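# Architecture at a glance
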Amino acid sequence: MLIRTHTCGELRDTHVGQTVNLSGWVNAYRDHGNLIFIDLRDRYGLTQLVFDPEDANEAGAANTGDKHAHTGMMGDADKLRNEDCIAVRGVVRIRRGGENPKLPTGKVEIVVQQLDVLSKTDNPPFLPDDNSTLPNEEIRLKHRYLDLRRPSMQKVLGTRSKAMQVIRNYFAGENRFLEVETPILYKSTPEGAREFLVPCRNMPGTFYALPQSPQLFKQILMMSGCDRYMQICRCFRDEDPRADRQPEFSQVDLEMSFVRRDQITEMMEGFVRRFWKEMCGYEVPTIQRMSYRDAMEDYGIDRPDTRYDLKIKDISTFAARTEFGVFKSVLEKGQDRPRFNSKRGVVKAMRVPGGADKLTRKITDGYSSLAQRFGAGGVAVVKVIKAEDGSPKLDTGIAKFLEPLKADFIREVGAQIGDTVLFVADTYAIATKAIGELRQQVARDMGMIPKPGAEGGPWNFLWVLDFPMFEKNKETGKWIAMHHPFTAPRDDQRDLFVNADVNDDDTLESIVSAGYDIVLNGSEIAGGSVRIHDRAVQAKVFQLLGLSPEQAKEKFSFLLEALSYGAPPHAGIAFGLDRLIMHICGTDNIRDVIAFPKTQIGADLMTRAPSKATDAQLKDLHVASTWVEKPS
């Protein structure tokens, strides 16, 4: 076999006259009668090969004395087809057909003297060509080895590789973080997501859990004197995949000891600047900060996309003055509760500039269905149009209820002629969630969301700080930790936290944690918090989450014990590596940036995982399956 001396993206006019060896796949085949042209591809690029009997034989005669040594090679070349794997030896010359300016190698071609066919291909289900129409994703995932040959996918793999180098250089290199590997086989912990369980053969009836994150291990490392930890690790969550989520994913996991929140945010902001600078030459400005409460009030979501200015406003005080029955009935709920209490009735409004023309009746009718999916009753609509005298006039929807207060209404929401105003009225939790989702749909309908450029931008970064410590689980009605149960309360919340009672919903809902996220273009790319380093505080959190002292000891005895032996203050964060690459590459589907992703139901179509276990395997693991296969 010929051993390659150069890659298919390397040769330039400075190599003219040299004899070189190349290896790769046939990307294109062109037979011009007495000449055969092949575009040879590897992950570095394309090089044009020329099978020219006259030139090849002359070169062969000069080297071997055999003028007919290459006649058989032309017959082999004539049988080549796309995706055959070959190696060639030949002489570099200037292209005789003219330069191809689209290729870095476009000035030269290789006159082939020797051809080795390394492997022939069957008829492929599709060609790995970015310029041709690709089949559906299911076929591409089934034949992922072909899909990964596409230049765009090779670029993604290269981007991931470079990203991991940048990450390690910044943290482990410049900032003295220790890279430590933590276990994959772990125990079940209440972090909120469903876990993958692994039966233990040597201890019948017991199970490992694959880690949702290395959270507790990295905290133990802080208590072990490892004051700066990092790891690019695999994490597992048995949840339904989405466009930005997979059951197994990569995470850049970080923890620091003896730091306050502003120190870790400064370190991570420095990383973000370095990462975007080295990956695509973008200078990230100072990252703005926003409280969780402001994010929910202005955008209805804790990861707001700030690339477009479409804000939400609470107009409950104004709405109470109207005669609209829906507003009045909603505002009767929970008015004795704190302003941001989830059960307090509110009316939220969103002004859509220019929406009167673009948002048709059909579109706005669909908004009610969207809001209903998130528990709201629907969406009320008013358009501001021009009256005959040129003044603003309220039209459609609930206009008649607002007309008596038209001037106040226009002033309240800042409406102008040509705008549409949308309303959602319900409890604070439902109305905020529904109008936050509505905001995103309106932005899509109005064409407000910028399309990613060649390098993935524009990028709007945002720190979201001061998350609530607890939230109600919608399915069970129990309190859970919003970030995780190892997040500390904010310093000024200690008294409120210490005096909280598990049955005091209003107090639990109002406690603010020392949690923080980094949001990019409406996507959470990192999340973290200051951790609890006081055993009594940690025990109190377990109590408020409904764990008895016995249950807490059973699940977390090692953590509680470690907290008893001089635990340092510590804080951490984790970046979603796949989401970072997603943004850098300018795609909105996480499967586009993972070498071997799963489908929407968590299947690997190439390897056909998951697969059934044999009866012998189940017996060896002391487990039995209750699944009964339905007759076809």
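Within each chain, residues carry numbers counting from 1 in the order of the written sequence. Under the rules for a predicted model, residues below a pLDDT of 70 receive no local features and side-chain atom pairs below 80 are neither given nor counted, while totals for whole chains, interfaces and linings still include all residues. Water and hydrogen atoms play no part in the side-chain values, which are based on all heavy atoms of the structure.

Scanning the chain from N- to C-terminus turns up 21 helices and 22 strands. Taken along the three principal axes of its C-alpha coordinates, the chain extends 100 × 80 × 60 Å. Burial classes: relative accessible area under 20% of the type maximum marks a residue as buried, over 50% as exposed, and values in between as partly exposed (1.4 Å probe, protein chains only). In the chain, which comprises 632 residues, the proportion classed as buried is 48%. Exposure was quantified through the Shrake-Rupley algorithm and a 1.4 Å probe, taking into account, for residues, occlusion by the shown protein chains and nothing else. Of the roughly 31,300 Å² of accessible surface on the chain, a fraction of 50% belongs to carbon and sulfur atoms. Counting rule for charge: Lys and Arg are taken as positive, Asp and Glu as negative, and neither His nor the chain ends is counted. A charged residue contributes its charge at one atom only: NZ of Lys, CZ of Arg, CG of Asp or CD of Glu. A gap of 1 Å separates the mean positions of the 85 positive and 88 negative side-chain charges of the chain. Labels follow the DSSP assignment, with helices taken as runs of H or I lasting at least four residues and strands as runs of E lasting at least two, numbered in each case from the N terminus.

What follows is about the packing of aromatic side chains. Each aromatic pair joins two rings of Phe, Tyr and Trp (for Trp, the six-membered one) with centres within 6.5 Å, and gets the label stacked for planes under 30 degrees apart, edge-to-face for over 60, and tilted for any other angle. Counting across every chain of the model gives 22 aromatic pairs. For the pair W463 and Y516, a centre-to-centre distance of 6.1 Å together with 80° between the ring planes defines the contact as edge-to-face. Here the residue W463 occupies a position in strand 17 (residues 461-465), and Y516 occupies one in strand 20 (residues 515-520), the gap between them amounting to 53 residues. Each member of the pair, W463 as well as Y516, carries the same accessibility label: buried. Connected via pairs of aromatic rings, a cluster forms that spans Y170, F171, F177, F271, F275, W276, Y282, W459, F461 and F575.

This brings us to the nonpolar core. Definition used in this section: a nonpolar core is a set of buried Ala, Val, Leu, Ile, Met, Phe, Trp, Tyr and Cys residues joined via side-chain atoms within 4.5 Å. One finds F171, M268, F275, W276, F470 and F575 to be the most contacted residues of the largest nonpolar core, which totals 59 residues. With nine residues, helix 7 (residues 261-280) is the largest single contributor of residues to this core. The contact rule is simple, with two residues in contact once any of their heavy atoms fall within 4.5 Å. In this view, F470 contacts W479, I480, A481, M482, F497, L508, I511, V541, L544 and L545; residues no more than four positions away in its chain are not counted. Grouped together as the second largest cluster of nonpolar side chains are 34 residues, Y292, M296, Y428 and M482 included.

With that settled, the discussion passes to empty space enclosed by the protein. For each structure, a 1 Å grid was placed over the protein atoms alone; sets of points admitting a 1.4 Å probe that cannot get out are labelled cavities, open sets with protein on both sides within 12 Å along at least five of seven lines are labelled pockets, and lining residues have an atom within 4 Å of a point. Grid points are joined across faces, edges and corners, and a volume is the space filled by probe spheres set on the points. Here the structure, examined in full by the defined rule, presents one cavity of 30 Å³ or more. Its boundaries defined by the atoms lining it, the largest cavity holds a volume of some 40 Å³. Lining the largest cavity are L141, R144, F596, P597, D604, L605 and M606. Grouping the constituent residues of the lining of the largest cavity by class yields five nonpolar, no polar and two charged. The nonpolar class holds Ala, Val, Leu, Ile, Met, Phe, Trp, Tyr, Cys and Pro. Asp, Glu, Lys and Arg form the charged class, and all remaining residues, Gly among them, are polar.

Here we come to the environment of I573. Relative to the helices and strands, I573 resides in strand 22 (residues 570-576). The spacing of I573 and V117 is 456 residues in sequence and 51 Å in space, taken between C-alpha atoms.

Among the secondary structure elements, T322 is positioned in the loop between helix 9 (316-319) and helix 10 (325-330). Classification of T322 as buried rests on a relative accessible area of 1%. Counting along the chain gives 143 residues from T322 to L465, while the straight-line C-alpha distance between them is 36 Å. Ignoring sequence-local partners within four residues, the contact set of T322 consists of F327, K328, F401, L402 and L405.

The next thing to look at is the sheet that holds strand 15 (residues 392-395). Within a sheet, adjacent strands bond to each other through the backbone by hydrogen bonds, running parallel or antiparallel. Here, strands pair whenever DSSP counts at least two bridges between them. The sheet built from five strands is open, its strands ordered 12-13-16-14-15 with antiparallel pairing. Two strands bound the open sheet, and with one partner strand each, they are strand 12 (312-314) and strand 15. Neighbour-to-neighbour, the strand axes of the sheet open up by a mean angle of 25°, direction not taken into account. Relative to strand 16 (residues 420-427), strand 14 (residues 380-386) is paired through four bridges, and the arrangement is antiparallel. Within the sheet, the bridge partner assigned to V381 lies in strand 16 and is L422. Inter-axis angles, ranging from 0 to 180 degrees, are taken between N-to-C directions of lines fitted to C-alpha atoms, where helices are fitted over the stretch in contact. Along the sheet, helix 14 (residues 406-413) makes contact with strand 12, strand 13 (345-352), strand 14, strand 15 and strand 16, crossing strand 15 at roughly 90°.

Among the seven residues that make up strand 2 (residues 36-42), seven are buried, leaving the element largely enclosed by the rest of the structure. Side chains I36, I38, L40 and D42 of strand 2 all project onto a buried face; the interleaved residues F37, D39 and R41 project onto the opposite face, where all are buried too. Sheet analysis places strand 1 (residues 19-31) next to strand 2, joined by six bridges and oriented antiparallel. Bridge pairing in strand 2 places W25 opposite R41. Linkage of strand 1 to strand 2, two consecutive antiparallel strands, is achieved through a turn of four residues, within which G33 is found at a positive phi near 85°. Connecting the antiparallel pair strand 2 and strand 3 (residues 45-51) is a turn made up of two residues.

Confidence scores per residue from the predictor, reported as pLDDT, run from 0 to 100. On average, the chain scores 93 in pLDDT, and the residues at 70 or more come to 96%. Note that pLDDT drops below 50 for residues 59-68; the model gives that stretch ten contacts with residues more than four away or on any other chain.

Before going further, it helps to spend a moment on the packing of helix 18 (residues 535-544) against helix 19 (residues 549-562). The contact between helix 18 and helix 19 brings their axes to 11 Å, and the two run at 160°. Considering the angle they form, helix 18 stands roughly antiparallel to helix 19. In this structure, helix 18 crosses over helix 19, and the sense of that crossing is right-handed. On the side of helix 18, the interface is formed by R535, Q538 and F542, while helix 19 contributes A552, F556, L559, L560 and E561. Working rule for angles: under 35 degrees goes down as roughly parallel, over 145 as roughly antiparallel, 65 to 115 as roughly perpendicular, anything else as oblique. Handedness of a crossing is defined here by the sense of rotation of the near helix relative to the far one, left-handed for an anticlockwise turn of less than a right angle and right-handed for a clockwise turn.

Turning our eyes to something else, we now look at the side chain of D466. Position of D466 among the secondary structure elements: in the loop between strand 17 and strand 18 (470-472). Using a relative accessible area of 18% as the deciding quantity, one classes D466 as buried. Each residue touching D466, except ones within four places of it in the same chain, is listed here: R261, S291, Y292, R490, V512, S513 and G515.

Another point: the sheet that holds strand 11 (residues 288-291). Read across the sheet, eight strands follow the order 6-9-10-22-21-20-17-11 without closing on themselves; strand pairing throughout is mixed. Of all strands in the sheet, those with a lone pairing partner are strand 6 (178-179) and strand 11, marking the two edges. Of the strand pairs in this sheet, strand 9 (residues 228-236) and strand 10 (residues 248-257) are connected by nine bridges, and their pairing is antiparallel. Across the sheet, R228 pairs through a bridge with M256, a residue of strand 10. Strand contacts of helix 5 (residues 151-174): strand 6, strand 9 and strand 10, with the helix running at about 150° to strand 9, the strand carrying the most contacts. Set on the sheet, helix 8 (residues 292-299) makes contact with strand 11 and strand 17; between it and strand 11 the angle comes to about 85°.

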